[in-house]
Amino acid sequence: MAGSLEGNKLVAAILTAGIVGMGSAVFAGILYRPHHLEEPVYVVEAAAPAGGGAEAAAPAAAESQPIATLLASASADNGAKTAKKCAACHALDSSGANKVGPGLWNVVNRPIASHEGFSYSEALASKKDQTWDYDHLNHFLTSPKTYAPGTKMSFAGISKDSERADVIAYLRTLSDNPAPLPGS
């Protein structure tokens with residue numbers, strides 16, 4: 001008989017908690033009612049598209065400048081500061097050691113997915129017939145996941161053109177014989 005009373009107490013406790021919770025919600029709704037404005041405080045007006053066509057209504061994607069143009073004003077010194085983020089996963093010295101990512105010494109104009117002893121993702125291994133020229137580095141560093149969907153590299157990318165060009169200019173210096181700049 002004592003066992004059935006314990007079950008009743010448990011059910012009563014659960015029901016009481018539910019009633020208290022529901023009552024609290026109703027009471028809070030009575031005390032705190034949101035005040036809805038008759039008109040918005042900030043009005044944001046969209047600019048009328050030029051030409052009025054459907055193509056004009058879609059926002060144009062920001063086009064980045066060609067990497068050759070960006071490299072003309074790039075600073076390898078600024079790139080070295082930014083590339084400190086890269087050093088967490090990549091060796092930047094001539095040792096060529098692999099860390100979480102492959103070593104980056106002599107990366108400019110090196111075939112993609114070719115650093116000895118590193119296990120590349122299928123996404124990059126499928127590009128091994130290409131080289132890390134300035135254009136490929138630019139696209140990869142913009143967004144590694146977009147450039148090579150499925151890559152193991154978890155870095156989000158460098159969206160700012162000048163900062164990315166600085167890093168590429170710095171990567172160019174990581175060599176005994178730096179690759180010529182585009183257009184040279």
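In this report, we go over the structure that sits alongside the text. Because the structure is predicted, anything quoted here is derived from the model rather than measured.

### Things to note about the overall build of the protein
Right, on to step 1. When its secondary structure is counted, the protein shows eight helices and zero strands.
Right, on to step 2. Mapped from its N terminus to its C terminus, the protein presents α and β elements in the order α-α-α-α-α-α-α-α.
Right, on to step 3. In the protein, which comprises 184 residues, the proportion classed as buried is 28%.
Right, on to step 4. In the protein, the proportion of contacts linking residues at least 24 apart, taken out of those at least 6 apart, comes to 46%.
Right, on to step 5. Roughly 12700 Å² of accessible area belongs to the protein as shown, and the carbon and sulfur atoms make up 59% of that amount.

### Focus on a nonpolar patch on the surface
Right, on to step 1. There is a patch of nonpolar side chains on the surface, built from F27, L31 and Y32 and spanning about 400 Å² of accessible area.
Right, on to step 2. Tracing the backbone through its elements, the reader meets F27 in helix α1 (residues 2–31).

### Some words on the packing of helix α6 (residues 134–142) against helix α8 (residues 161–173)
Right, on to step 1. Running from N to C, α6 and α8 point in directions that differ by 130°, and their axes come no closer than 10 Å. If you check the angle between α6 and α8, you find them oblique. For the crossing formed where α6 meets α8, the hand is right-handed. Contacts from Y134, L137, N138, L141 and T142 in α6 reach R164, V167, I168, L171 and R172 in α8.
Right, on to step 2. In terms of residue class, the contact of α6 with α8 is built from six nonpolar, two polar and two charged.

### Topic: unusual backbone geometry
Right, on to step 1. Positive phi is not limited to glycine here, since N106 has a value of about 60°.
Right, on to step 2. Along the chain, N106 falls in the loop between α4 (76–82) and α5 (122–125).
Right, on to step 3. A positive phi angle is found at N109, which is not glycine, with a value near 70°.
Right, on to step 4. Following the sequence through the fold, N109 ends up in the loop between α4 and α5.

### Regarding the pattern of salt bridges
Right, on to step 1. Applying the stated rule across the entire model yields three salt bridges.
Right, on to step 2. The salt bridge involving E6 is made with K9; its shortest N-O contact spans 3.7 Å. Residue E6 and its partner K9 are located together in helix α1, separated by three residues, close to a single helical turn.

About the thresholds
- Residues numbered from 1 in each chain as written.
- Predicted model: local features only at pLDDT ≥ 70, side-chain atom pairs only at ≥ 80, totals over all residues.
- Heavy atoms only, no water.
- Helix = DSSP H or I, 4+ residues; strand = E, 2+ residues; numbered from the N terminus.
- Buried < 20%, exposed > 50% of the residue type's maximum accessible area, 1.4 Å probe, protein only.
- Contact = heavy atoms within 4.5 Å.
- Areas by Shrake-Rupley, 256 points an atom, 1.4 Å probe, with all protein chains shown as cover.
- Patch = residues over 30% accessible without salt bridge, like charges linked within 9 Å, V, L, I, M, F, W, Y side chains within 5 Å.
- Salt bridge = Lys/Arg side-chain N within 4 Å of Asp/Glu carboxyl O.
- Axes fitted to C-alpha atoms, helices over the stretch in contact; angles between N-to-C directions.
- Parallel < 35°, antiparallel > 145°, perpendicular 65-115°, else oblique.
- Left-handed = near helix turned anticlockwise from the far one by under 90°.
- Nonpolar A, V, L, I, M, F, W, Y, C, P; charged D, E, K, R; others polar.

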